[in-house]
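# Fold and contact review
What follows is each chain in one-letter form.
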Amino acid sequence: MKPISLIQFLIEERRAGHINNELSLLIEVVARACKRIAVATNKGALGGVLGNAGSDNVQGEAQKKLDVISNEILLEANAWGGHLAACASEEMEDPQPIPDMYPKGNHLLLFDPLDGSSNIDVNISVGTIFSVLRCPDGVAEPKIEHFLQAGTTQLAAGYVVYGPATLLVLTFGHGVHEFTLDREVGSFILSRRDIRIPEETGEFAINMSNQRHWEAPMQRYIGELLAGKDGPRGKDYNMRWVASMVADVHRIVTRGGVFFYPLDAKIMAKGGKLRLMYEANPMAFIVEQAGGAATTGRERIMEIQPQGLHQRVPVFLGSRHEVEVATHYHQLADGAKA
Ligand code: FDP
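### Describing the environment of Ala86
Here Ala86 shows up in strand β3 (residues 84-89). Between the C-alpha atom of Ala86 and that of Met218, which follows or precedes it by 132 residues, the distance is 38 Å. Residues contacting Ala86, with those up to four places away along its chain left out, are Gln96, Pro97, Ile98, His107, Leu108, Leu109, Pro142 and Phe147.

What follows is the structure, given as structure tokens:
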């Protein structure tokens, strides 16, 4: 079969009425920016891009040089295209307006420019996550409040993994598709169409070092997985934890599995570890579109009404059956408390 490039795929999606020209251009620009980030990450030490930038982001986390570089690449690429009303990023407290010299469009773009960046210095996969929303009608200068839309309103979501291969995984709400970067040609080529996540799995991902801080239902659920064949679940489970959310989610999108970043006593006051608007929502959209499930352990992630641009939430996502069991245990525990 003749290979299909991302550009051809976007034309097909326009013809099918799934996206308009502006959204198609937006995705082309994001993909082009991610190719530049891939080049920077691939150079590693030779590009002088490893190590800390010497600054903190809005959440008080040390920024890596590549966090800053990736953020700038995405901002610069998206400013002039005419498809955006504003951008928001993990690395910036407030949304970035489109400079007056460029035309504006009707979309809002949110991104985590380099997820898993604590892995960058040790040459483990990292990634970019993005989410696209519609700018509310009549809003010329979008503010934070205009970004605070539930995940169910997302028009598009995707991530790029910078690993042994650079991959783009994308949804417009009509299935999930994967593109592999052909480095020689410089194009993303469709490598999997209509990805499905198996409903059942024997593989889970969680940072086990937080175990003693988890809530009781999480202790119960993981305790049962660890008990394996001898426990109530009656089968052995295997654990995988990359600690780059993009890489962990990509494994699930490829062969199934379940990922948890639950609440624990250390992060209770913050509401969770991962960010709703540019991590949890886009990943939830992708996982649901592939037939999986995504909750906070209590509610569907995409139905949360956001309260802040950098809001954090617990994340349970992946193979439907396991997400349902873990969520059920939390709901049972909450019911017993009430
Ligand atoms: P990072 O801080 O390195 O960017 O989104 C944040 C994230 O990585 C996820 O990619 C990853 O799953 C998680 O944090 C790992 O955090 P801990 O090591 O604190 O568990």
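### Some words on the packing of helix α6 (residues 245-255) against helix α7 (residues 276-289)
The interhelical angle for the contact between α6 and α7, taken along N-to-C directions, is 10 degrees, at an axis separation of 11 Å. Judged by the angle between their axes, α6 and α7 are roughly parallel. Touching Met245, Val246, Val249 and Val253 of α6 are Glu279, Met283, Ile286 and Val287, all from α7. Considering only residue class, the contact of α6 with α7 consists of seven nonpolar, no polar and one charged.

### Quick look at the environment of Tyr102
Of note, Tyr102 is situated in the loop between β4 (96-97) and β5 (107-115). On the basis of relative accessible area, Tyr102 is assigned to the partly exposed category, the value being 29%. The residues touching Tyr102, leaving out its near neighbours within four places in the chain, are Ala79 and Trp80.

### Thoughts on the sheet that holds β3
A sheet is described by the order of its strands in space; here eight strands give the open sequence β4-β3-β5-β6-β7-β8-β9-β10, paired in mixed fashion. Edge positions in the sheet fall to β4 and β10 (187-192), since each has one partner strand and no second. Alignment of β5 against strand β6 (residues 126-134), held across seven bridges, turns out to be antiparallel. Across the sheet, the residue bridging to Asp112 is Ile129, located in β6.

### Some words on the nonpolar core
Of all hydrophobic cores here, the largest spans 45 residues; its most connected members are Tyr159, Met245, Phe259, Met283, Val315 and Leu317. Not counting residues within four places of it along the chain, the set of residues in contact with Tyr159 comprises Thr128, Ile129, Phe130, Leu167, Leu168, Val169, Val246, Val249, His250, Val253, Met283 and Ile286. In this structure, Leu66, Leu84, Ile120 and Val132 belong to the second largest nonpolar core, which totals 44 residues.

### Regarding the pattern of salt bridges
For the coordinates displayed, the defined rule picks out 16 salt bridges. For Arg220, the salt bridge identified is with Glu224, shortest N-O distance 3.2 Å. Remark: Glu224 and Arg220 occur in helix α5 (residues 216-227); sequence separation between them is four residues, near one turn of the helix. Look at Arg220 and you get partly exposed, because its relative accessible area is 40%. What makes Glu224 buried here is its relative accessible area of 11%. Among the ionic pairs, Arg233 bridges to Glu322, the shortest N-O distance being 2.8 Å. Within this pair, whereas Arg233 is found in the loop between α5 and β12 (238-239), its partner Glu322 is found in helix α8 (residues 320-337), the two being separated by 89 residues in sequence.

### Some words on the sheet that holds β12
Pairing is mixed across the open sheet formed by five strands, whose spatial order is β12-β11-β13-β17-β15. At either end of the open sheet lies a strand with only one pairing partner, and these are β12 and β15 (293-295). The sheet contact formed by strand β11 (residues 203-205) and strand β13 (residues 258-261) spans two bridges and is parallel. Across the sheet, the residue bridging to Phe204 is Val258, located in β13. Helix-sheet contacts for α5 involve β11, β13 and β17 (315-318), and the interaxial angle to β13 is about 145 degrees.

### Notes on the pairing of strand β8 (residues 166-171)
When you tally the buried positions in β8, you get six out of six residues, the bulk of the element. Where strand β7 (residues 156-162) and β8 come together, six bridges link them in antiparallel fashion. What sits directly across from Gly158, in β8, is Leu170. Between β7 and the antiparallel strand that follows it, β8, lie three residues. Two elements, β8 and strand β9 (residues 176-182), share five bridges in a ladder whose sense is antiparallel. Looking at the pairing, Leu170 lines up with His177 of β9. Between β8 and β9, which pair antiparallel one after the other, the connecting turn spans four residues, and Gly173 there sits at a positive phi close to 90 degrees.

### Brief notes about the site of the ligand
Taken together, the neighbourhood of the ligand is formed by 14 residues, with Ser118, Asn207, Met245, Tyr261 and Glu279 sitting nearest. Residue Lys273 places a side-chain N or O atom 3.2 Å away from an oxygen atom belonging to the ligand. When the free accessible area of the ligand is taken as 470 Å², the share hidden by the protein chains comes to 82%. Its residues placed into classes, the shell around the ligand shows five nonpolar, five polar and four charged.

The rules behind each value
- Residues numbered from 1 in each chain as written.
- Predicted model: local features only at pLDDT ≥ 70, side-chain atom pairs only at ≥ 80, totals over all residues.
- Heavy atoms only, no water.
- Helix = DSSP H or I, 4+ residues; strand = E, 2+ residues; numbered from the N terminus.
- Contact = heavy atoms within 4.5 Å.
- Axes fitted to C-alpha atoms, helices over the stretch in contact; angles between N-to-C directions.
- Parallel < 35°, antiparallel > 145°, perpendicular 65-115°, else oblique.
- Nonpolar A, V, L, I, M, F, W, Y, C, P; charged D, E, K, R; others polar.
- Buried < 20%, exposed > 50% of the residue type's maximum accessible area, 1.4 Å probe, protein only.
- Pairing = 2+ DSSP bridges.
- Core = buried A, V, L, I, M, F, W, Y, C linked by side-chain atoms within 4.5 Å.
- Salt bridge = Lys/Arg side-chain N within 4 Å of Asp/Glu carboxyl O.
- Near = heavy atom within 4 Å.
- Polar contact = N/O pair within 3.5 Å; in protein donor to acceptor, adjacent residues only side chain to side chain.
- Areas by Shrake-Rupley, 256 points an atom, 1.4 Å probe, with all protein chains shown as cover.

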